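One letter stands for each residue in the lines below.
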Amino acid sequence: MGFLDVLFGRSRPVKPDLDQLFGLPSAAITLQAAIGFTPTGLGSVCFAAIEGGAFARVQQEVRALLDADAERPGSSVEFSRDDYGYSWLLSRRDPDELPALVNDLHAVNTALQDSGFGPQLLCSLVTFRDAELRPLALVYLYKRGAFYPFAPLPGQKRDNPLELQVKAIVKDDLRIEEDLRRWFPLWGAPGL
């Protein structure tokens, strides 16, 4: 960082660190022990799709890579597009296979990044539920290199107290996004 950056209060953005995803299994154990949230076996990657043959080939390669896993149940990888035009890849695993799900998400992010589509990556998320079936997602912001909790309620509302509680619980397991304005709602995200 240069002198002018310090003088004008600019900071360098955090570089994406996809290995942060591997902290999710530890965070899941912490969440379960502290407040009873368990993994659902669902995880998603959101990216801004672009048209073109190169991007379509990467999507096909990702699907082939994830479908090649013999232990995976049939049709466990889905691509979809949301109302805002963003593309999503949803991966399904058994709820007790969180490390395998994290590997799936890491593989998708890495394939897109290594193919030059890193700027199109937006976020990845893994979902959880408690005994009352309340949904919770731990969301990794690719461009911020940090996680935040998202707890949707019916009617496009958020359970802010739960989100802050989860932040405090998993802060030793995951790099948490400190700027709460960056805790974007992901209404209707696949897997939630």
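As a reminder, the structure under discussion sits directly above these lines.
Residues numbered from 1 in each chain as written. Predicted model: local features only at pLDDT ≥ 70, side-chain atom pairs only at ≥ 80, totals over all residues. Heavy atoms only, no water.

## Re the pattern of salt bridges
Under the defined criterion, the tally for this structure stands at ten salt bridges. Arg93 is the salt-bridge partner of Asp104, the closest N and O atoms lying 3.0 Å from each other. Remark: Arg93 occurs in the loop between strand S3 (87–92) and helix H4 (98–117) and Asp104 occurs in helix H4; sequence separation between them is eleven residues. Residue class for Asp104 comes out buried when judged on its relative accessible area of 5%. (Salt bridge = Lys/Arg side-chain N within 4 Å of Asp/Glu carboxyl O. Helix = DSSP H or I, 4+ residues; strand = E, 2+ residues; numbered from the N terminus. Buried < 20%, exposed > 50% of the residue type's maximum accessible area, 1.4 Å probe, protein only.)

## Considering the state of the cysteines
According to the stated counting rule, one finds zero disulfides in the structure shown. With no disulfide of its own, Cys46 lies closest to Cys123 among cysteine sulfurs, the gap being 4.8 Å. (Disulfide = S-S within 2.5 Å.)

## Comments concerning the side chain of Glu177
With respect to the helices and strands, Glu177 occurs in the segment after helix H5 (160–170). Looking at Glu177, its side chain comes within polar contact range of the side chain of Arg144, at 2.9 Å. Those residues in contact with Glu177 that lie beyond four places of it in its chain are Leu141, Arg144, Ala146, Phe147, Arg182 and Trp183. (Polar contact = N/O pair within 3.5 Å; in protein donor to acceptor, adjacent residues only side chain to side chain. Contact = heavy atoms within 4.5 Å.)

## Quick look at helix H3 (residues 53–67)
With 15 residues, H3 extends 21 Å between its outermost C-alpha atoms, agreeing within 8% with the 21 Å of an ideal straight helix rising 1.5 Å per residue. Within H3, the full set of buried residues consists of Phe55, Val58, Val62 and Leu66. Taken down its axis, H3 places every buried residue within 60° of arc, on the same side. Facing away from the buried side of H3, by more than 90 degrees, are the exposed residues Gln60 and Glu61. (Expected span 1.5 Å × (residues − 1). Arc of directions from axis to C-beta.)

## Examining the pairing of strand S5 (residues 135–141)
S5 sits mainly inside the fold: six of its seven residues count as buried. Linking two consecutive strands that pair antiparallel, namely strand S4 (residues 121–129) and S5, is a turn of five residues; a positive phi of about 65° is found at Leu133 within it. Bridge count for S5 against strand S6 (residues 146–150) is five bridges, and the pairing is antiparallel. Bridging from a neighbouring strand, Leu141 pairs with Ala146 of S6. (Pairing = 2+ DSSP bridges.)

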